[in-house]
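Listed below are the residues making up each chain.
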Amino acid sequence: MIVPIHTAVPGRVRARVSGLEGNPEQARRLAAGLAVHPAIVAVSANAATGTVLVRFEPGVPLPEILAAIDGGRAAAPRASWQSLAPDQAVRRLDSDGEAGLSRAEARRRLLHAGPNRLPIPRRRAFAAILRGQLASLPVAVLSASALLSLLTGGAFEGLAILTVVGVNALIGAGSESQAEHMIARLESRRRPLAIVRRDGRRLTVAAEEVVPGDLLELSPGLTVAADARLLRADALLADESVLTGESLPVVKDPAARVAATAPLAEQTTLVWRGTLIAGGSGMAAVVATGRHTEIGRLQALIGDVARPQTPLQRRLDGLGRRLVLGSGAVALLMVALGVLRGQSLGPLLKAAAALAVAAIPEGLPTVATLALAVAVDKLERRGVLVRRLEAVEGLGTVATVFFDKTGTLTLNRMAVAAVSADGAAARDRLWTVAALCSDAGLQPDGAGGWTLEGSSTECALLRAALDHRIDVAALRSARPRLSERYRDDRRQSMATVHADGGERRFVAVKGSPAEVLAACNALWSGEGAMPLGDAARAAIAADNEALAARGLRVLGFACGEDAEGPLTWLGLVGLSDPLRPGVAAFVAGLHRSGVETVMLTGDQAATAQAVARELGLIEGEGMPVADAGEVERLDAESLATLAARTRVFARILPGHKLKVVQAYRRGGRVVAMVGDGINDGPALKAADIGVTMGRQGSRAARDLSDVVLEEDDLDGLLAAIAEGRAATANIRKAVEFLLATNLSESLAMVAATALGLGQPLGPTQLLWINLVTDVLPGIALVREPVDPATLRVPASDGPFLDPPTAGRLVREGAVLAAGPLAAYAWGRRRGAATASTLAASTIVGGQMLHALAVRPRRRAGGEGNPWFAAAI
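Residues numbered from 1 in each chain as written. Predicted model: local features only at pLDDT ≥ 70, side-chain atom pairs only at ≥ 80, totals over all residues. Heavy atoms only, no water.

S.K.: Give me the overall build of the protein chain: which residues, what numbers.
M.R.: Helices and strands together make up the secondary structure of the protein chain, namely 31 helices and 29 strands. Evaluated residue by residue, the protein chain yields a buried proportion of 52% over its 872 residues. In the protein chain, the share of contacts with a sequence separation of at least 24, taken over all contacts with a separation of at least 6, comes to 68%. Looking at the protein chain as shown, the accessible area adds up to about 37700 Å², and 57% of this sits on carbon and sulfur atoms. (Helix = DSSP H or I, 4+ residues; strand = E, 2+ residues; numbered from the N terminus. Buried < 20%, exposed > 50% of the residue type's maximum accessible area, 1.4 Å probe, protein only. Contact = heavy atoms within 4.5 Å. Areas by Shrake-Rupley, 256 points an atom, 1.4 Å probe, with all protein chains shown as cover.)

S.K.: Give me a nonpolar patch on the surface: which residues, what numbers.
M.R.: A surface patch of nonpolar side chains, about 260 Å² in accessible area, is lined by Leu-150, Leu-159 and Leu-162. The class of Leu-150 is partly exposed, set by a relative accessible area of 39%. (Patch = residues over 30% accessible without salt bridge, like charges linked within 9 Å, V, L, I, M, F, W, Y side chains within 5 Å. Salt bridge = Lys/Arg side-chain N within 4 Å of Asp/Glu carboxyl O.)

S.K.: Please give an account of the environment of Gly-571 that cites residues and values.
M.R.: Residue position: Gly-571 is located in strand E23 (residues 567–576). Distance from Gly-571 to Asn-544, taken between C-alpha atoms, is 9.8 Å for residues 27 residues apart in sequence. Aside from chain neighbours lying at most four places away, what touches Gly-571 is Ser-420, Ala-421, Leu-430, Leu-555, Gly-556 and Phe-557.

S.K.: I'd like a rundown of empty space enclosed by the protein, residues and numbers included.
M.R.: By the definition in use, this model includes three cavities of 30 Å³ or more. Along the wall of the largest cavity there are twelve residues; nearest its centre are Ile-195, Glu-217, Leu-218, Leu-222 and Thr-223. Counting only elements with at least two residues in the lining of the largest cavity, the list comes to strand E5 (193–198) and strand E7 (215–218). Of the residues belonging to the lining of the largest cavity, the class tally is nine nonpolar, one polar and two charged. (1 Å grid on protein atoms, 1.4 Å probe; cavity = no way out; pocket = protein on both sides within 12 Å on 5 of 7 lines; lining within 4 Å. Points joined across faces, edges and corners; volume = space filled by probe spheres on them. Nonpolar A, V, L, I, M, F, W, Y, C, P; charged D, E, K, R; others polar.)

S.K.: Please give an account of the pattern of salt bridges that cites residues and values.
M.R.: Pairing of side chains with opposite charge becomes possible as their charged atoms draw close. Counted by the stated rule, this structure contains 22 salt bridges. The partner of Glu-98 in a salt bridge is Arg-232, and the shortest N-O contact between them spans 3.5 Å. Note that Glu-98 is positioned in the loop between helix H3 (86–92) and helix H4 (103–113) and Arg-232 in strand E8 (residues 227–239), a separation of 134 residues in sequence. Arg-647 is paired through a salt bridge with Glu-596; the nearest N and O atoms lie 3.1 Å apart. Of this pair, Arg-647 sits in the loop between helix H23 (636–643) and strand E26 (648–650) while Glu-596 sits in strand E24 (residues 596–600), and the two are 51 residues apart along the sequence. Each member of the pair, Arg-647 as well as Glu-596, is classed as buried. One network of salt bridges, in which partners are shared, links Glu-105, Arg-108 and Arg-109.

S.K.: Break down the confidence of the model for the protein chain for me, citing the residues and quoting the values.
M.R.: Across the protein chain, pLDDT averages 81, with 84% of residues at or above 70. Across residues 73–78 the pLDDT falls below 50, and counting only partners more than four positions away or on other chains, this stretch makes 16 contacts in the model. (pLDDT = per-residue confidence, 0-100.)

S.K.: If you had to explain the side chain of Lys-510 to someone new, which residues and values would you point to?
M.R.: Positionally, Lys-510 belongs in strand E19 (residues 505–511). Among the polar contacts listed, one links the side chain of Lys-510 to the side chain of Glu-458, at a separation of 3.0 Å. With sequence-adjacent residues up to four places away left out, Lys-510 is seen in contact with Cys-437, Ser-438, Glu-458, Leu-461, Ser-493, Met-494, Val-516, Gly-556 and Phe-557. (Polar contact = N/O pair within 3.5 Å; in protein donor to acceptor, adjacent residues only side chain to side chain.)

S.K.: Any chance you could break down helix H16 (residues 456–467) for me, citing the residues and the numbers?
M.R.: Helical geometry: 3.6 residues make up each α-helical turn, so side chains three or four residues apart lie on a common side. Here H16 contains twelve residues, and its C-alpha end-to-end distance of 16 Å stays within 8% of the 16 Å for a straight helix at 1.5 Å per residue. Summarising burial for H16: nine of the twelve residues are buried, a large majority. Within the sequence span of H16, burial applies to Ser-456, Thr-457, Glu-458, Cys-459, Ala-460, Leu-461, Leu-462, Ala-464 and Ala-465. Immediately beyond the C-terminal end of H16, within one or two residues, lies Arg-469, with a positive phi of roughly 65 degrees. (Expected span 1.5 Å × (residues − 1).)

S.K.: Break down the packing of aromatic side chains for me, with residues and values.
M.R.: Here the structure, examined in full by the defined rule, presents two aromatic pairs. Taking 4.7 Å as the distance between ring centres and 90 degrees as the angle between the ring planes, the aromatic pair formed by Phe-402 and Tyr-664 counts as edge-to-face. One end of the pair, Phe-402, is in strand E13 (residues 400–404); the other, Tyr-664, is in helix H24 (residues 654–666), and 262 residues separate them in sequence. Both residues of the pair, Phe-402 and Tyr-664, belong to the buried class. For the ring pair Phe-403 and Phe-586, a centre distance of 5.8 Å and an interplane angle of 80 degrees mean the geometry is edge-to-face. Taken together, the residues Phe-403 in strand E13 and Phe-586 in helix H20 (residues 583–592) connect sequence positions 183 residues apart. Side by side, Phe-403 and Phe-586 carry an identical accessibility label, which is buried. The ring of Trp-81 carries Arg-92 above its face, with NZ or CZ at 5.8 Å from the centroid. Of note, Arg-479 hangs over the ring of Phe-506, and the distance from its end group to the ring centre comes to 4.4 Å. (Phe/Tyr/Trp six-rings, centres within 6.5 Å; stacked < 30°, edge-to-face > 60°. Lys NZ or Arg CZ within 6 Å of the ring centre and 35° of its normal.)

Written as structure tokens, this is what we have:
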């Protein structure tokens, strides 16, 4: 039975569904079944209450939706692709496991299945944001005061209170709408791509054009475009944290035996839309696109979820609630005392309402949202894109910044600077391996040369091979690649296997000199392959140390006939990667700001140490360089101790970066991670603030980051930290101003009542003061520009009302209250209206002087704040 509960709102129905209560699986199936209905926008099925909430297109008849709910109860779970064999999955998809779909068939399926696009969450309408601004305890108290004024004959006062409530809500809603618009503008810049195989050819297409049956090629750094069944995989690792919450990548295996009922985290034969390929390679057949993917189902379950408040906003809301409760208690006490002393109830209630109005700082939520939105807007104009408002707070409290070296501190423009090989024959063979063991591509440039595409390191090696007169195109054609084994968390080398005529195989290997050398039992010299003895190993190790001490990135090269058998050593190549201009000054600026810096690199210790000295990260020999071995064997507590003694970690793999970042966070420090590649992904996500490069950074890294440096300008990070600190300091200053001024009004009202002087300020005057004298300077204070001194003072994340601050605010409020109280007492000799006018004028003047006093002092020639001048 389907029983409609609420149908008053067009396009929205809540219904009770029999059999749903206490049945989470039925709730999941119901939501999944309804999510694919073309007229249904969002679904939320609740097993705890036994109800379902459905949002649908307003023009659709309600009986049609109720029928869909009834039919959705019996919705079958999706096909168990995880338990099908790869060839079975391909046959069911009516595709080809080698050539993929034809282009014509892909176009036909796109028309039938629709674009591979998730339903775009509707931006909250301005009216909805406005309703959210009105749904708060302070607004409820003000509304109650307005109602009380209307009931006791104060129609003008009641309407004035409601006007203030409306104006404040409009200001807050405008600020929040501006923030949401900026975030939506950032999201609209993302246009993901996918690599598919169609008609047997490798194509790059927009992710929206992927259809069921397409073959997806998977490689490190790619975001999976759709849910897909693995057909082939080589050491494939997928970061599925977006779906499962697991921080470590998952090993994928197309041949694994997975039960049809296995939970998502154990379905190792599938890859999911929105997850990241962290290592290895593979091929997968698309089984679901768009809203039918797992992440699409989750989005349908989520429906309209409001953006969570930032920690700062939660602290402000908590402060507002405490102030409301405190003012309410004082107002009740004043009414009780007045009744005991024989005063009439009507005037007492109006005085209590006025006191409640005076005590509530209506601008608290507004100043927080506006300050963060202003900071985001300033940074965007500087080329620093901040995805989340709360990231501004995190930037202001960052204590440690981690840097990936290559592509972040350096330009990632590698060039071969040195080669160490035993003779011309070894060099020839080394450059042959460099040309084959590479994913870099080359295309004729039309002028007799070549255009190279790929990573900076591989392009540098390929360019050197071309300079060494290696015909790369002919070589790759003569020795086609059969398979590859990429660098991953278990090894620091890449190997490719090539056909070498008939049944013979040629294995090309490059990577960590120590790891490659350990796999060798022979040395290629002018006389061919020779046994590799201890003396030769020691000489190679010494050459490696000498190249690394020059700050070069060193790779070892070897070849063989069996990927699992012993190899023949060929030589070393040292590559230079110049530091970004001004990066040493940038690091020094962070240190002056009290922010410590840590470098994480895959280079060996000697290279890392040379670069760290050049950057000013370490001085002399006193600070050790930690390596991956230490990180691997230490527990969390020991690693935290090690982290306090070093600023450089060498030979670090993605899992190690994650472990180091987590160790720092356990120590209570707010950390930022700056990286540019998929290997930085786990650490970017684990850090409080993830930062990546906009130009050279990989798409996967940008997707995981909170902050994107659009022009790869690291100084933008220093500006972002300054803006974060300034925003927090400005909010604190504005809040303290609001609290002191509102307290002065409350103290003046309570003191006058206690002294039997009546009410120095009427509700209308109090509302005018709160709206104009309090809120406008408060809003202007959060627009204060960054003071150069800001970077020398870390932002505080402590409570707004600690004992010293509370004591100071009480003193300031008392001083501000004394003037209007004295003016009111003196003016009573000329009549109540004159006295009240004097009190209002005096408190306005005092609060304007107080606004000038609390504003941060500016140095001569510093940036001004025209908003503040206009507010005064």
